[in-house]
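Structural overview for review
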Amino acid sequence: MPVLRLCFGESVLKEVPIDMDDPVSIGRSPKGDIFIDNPAVSFQHARVICYNGVYYVEDLGSLNGTFLNGARVTQAPLTQGDVITVGKHTVRFSLDAPTVKPEAPAQPQVEGEAPKLTGTMVLDTKVRRDLQDAFEKGQTAAVTTRARMGKLTVLKGKTTEKEYLLTTSTSMIGKSDACTVRLKGWFAPKIAGIFTKHAEIYHLSPATKKITVNGAPLTAKVELHEGDLIAVDKVLFQFNLVKW
């Protein structure tokens, strides 16, 4: 069973196994699964959830953001060894079984940090500055170097929009609220596939058997090309690169 390890520095503070049917909440709420008593962390900060056998981290509108391997994300799939940063703590994703008995010791108190605040304190530490600088530099580089952006045009079927721009490094397609490309219909899969973007190169990975590219069932990650036709159940999209 996969496990999340809450860490502060090199110390493992807690291990939480992940059940495929129950999301794991992360935040400053004492009722959460992973409780972080730090004013830089929102009460409902983030969660880890499983869709069709794939685990994802989702930010829940936190003030200071959720970072995956140093990059700020709203939602992204998890793989072995990924590191989620929440405030000054890290949550490490592992496919290994827990190795220590879960416990919830008090979190280290940082000098100058005000305890027991009701609101979320804006994180103003070297950690956040470094993370935010890296994020902003990455965003600036993306803006200055990118020339074209992936776009999905709906040719037939029920969706929430007629066109979708794939502007983030990771975008999901399905009827789940976490998806960028939202499908409609009782039988539409919650998560059908995952788009990943690197510069102007897009890939699509399957999360269900109900997805095809140019009429062929999608069974593994593929690179997308201009004019490719992507079908999910009864919905048909065309992929194009457009100037942005």
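Preceding block: the structure.
My aim in this report is to walk through the structure given alongside it, one point at a time.

What counts and how
Along each chain, residues carry numbers from 1 onward, in the same order as the chain's sequence is written. Per-residue local features are limited, in this predicted model, to residues with pLDDT of at least 70; the limit for side-chain atom pairs, both in listing and counting, is 80 or more; totals at the level of whole chains, interfaces and linings are taken over all residues. Hydrogens and water are ignored here; the side-chain numbers use all heavy atoms of the structure. By salt bridge we mean one thing: a side-chain nitrogen of Lys or Arg within 4 Å of a carboxyl oxygen of Asp or Glu. Secondary structure counts use DSSP, requiring at least four H or I residues in a row for a helix and at least two E residues in a row for a strand, with both numbered from the N terminus. Residue burial is assigned from relative accessible area. The probe radius is 1.4 Å, only protein chains are included, and a residue is buried under 20% of its type maximum, exposed over 50%, and partly exposed in between. Only strands joined by at least two bridges in the DSSP assignment are considered to pair. Each axis is a line fitted through C-alpha atoms, taken for helices only over the stretch in contact, and angles between the N-to-C directions span 0 to 180 degrees.

Regarding the pattern of salt bridges
- Scanning the model with the defined rule gives four salt bridges in all.
- Lys 151 is the partner of Glu 163 in a salt bridge, and the nearest nitrogen-oxygen pair spans 3.5 Å. A residue pair is termed long-range when its members are at least 10 positions apart, and Glu 163 in strand β13 (residues 163-166) and Lys 151 in strand β12 (residues 148-156) qualify at 12 residues.
- Residue Asp 177 pairs with Arg 182 through a salt bridge whose shortest N-O separation is 3.2 Å.
- Residue Asp 177 is classed as exposed on the basis of its relative accessible area, which comes to 68%.

Concerning the sheet that holds strand β7 (residues 66-68)
- Read across the sheet, six strands follow the order β2-β1-β11-β10-β7-β8 without closing on themselves; strand pairing throughout is antiparallel. With partners counted over all chains shown, the strands left at the sheet margins are β2 (11-17) and β8 (71-73), one partner each. Each strand axis lies, on average, 30 degrees off the axis of its neighbour in the sheet, ignoring direction.
- When strand β1 (residues 3-8) meets strand β11 (residues 89-94), the two strands line up antiparallel, connected through five bridges. Residue pairing for β11: Cys 7 is matched across the bridge by Thr 90.

Quick word on the sheet that holds strand β22 (residues 235-243)
- One open sheet holds the six strands; their spatial order is β13-β12-β22-β21-β18-β19, and the pairing between them is antiparallel. The two strands at the open ends of the sheet, each matched to only one other strand, are β13 and β19 (216-217).
- In this structure, strand β21 (residues 229-232) lies alongside β22, joined through four bridges in antiparallel fashion. Its bridge partner lying in β22, Ala 231 is registered against Leu 236.

Remarks on the pairing of β21
- Two strands pair when backbone bridges link them, and strand β18 (residues 211-213) and β21 are joined in this way by three bridges, in the antiparallel orientation. Across the sheet, residue Thr 212 finds its bridge partner in β21, namely Ala 231.
- Between β21 and β22, which pair antiparallel and follow one another directly, the connecting turn spans two residues, one of which, Asp 233, has a positive phi of 60 degrees.

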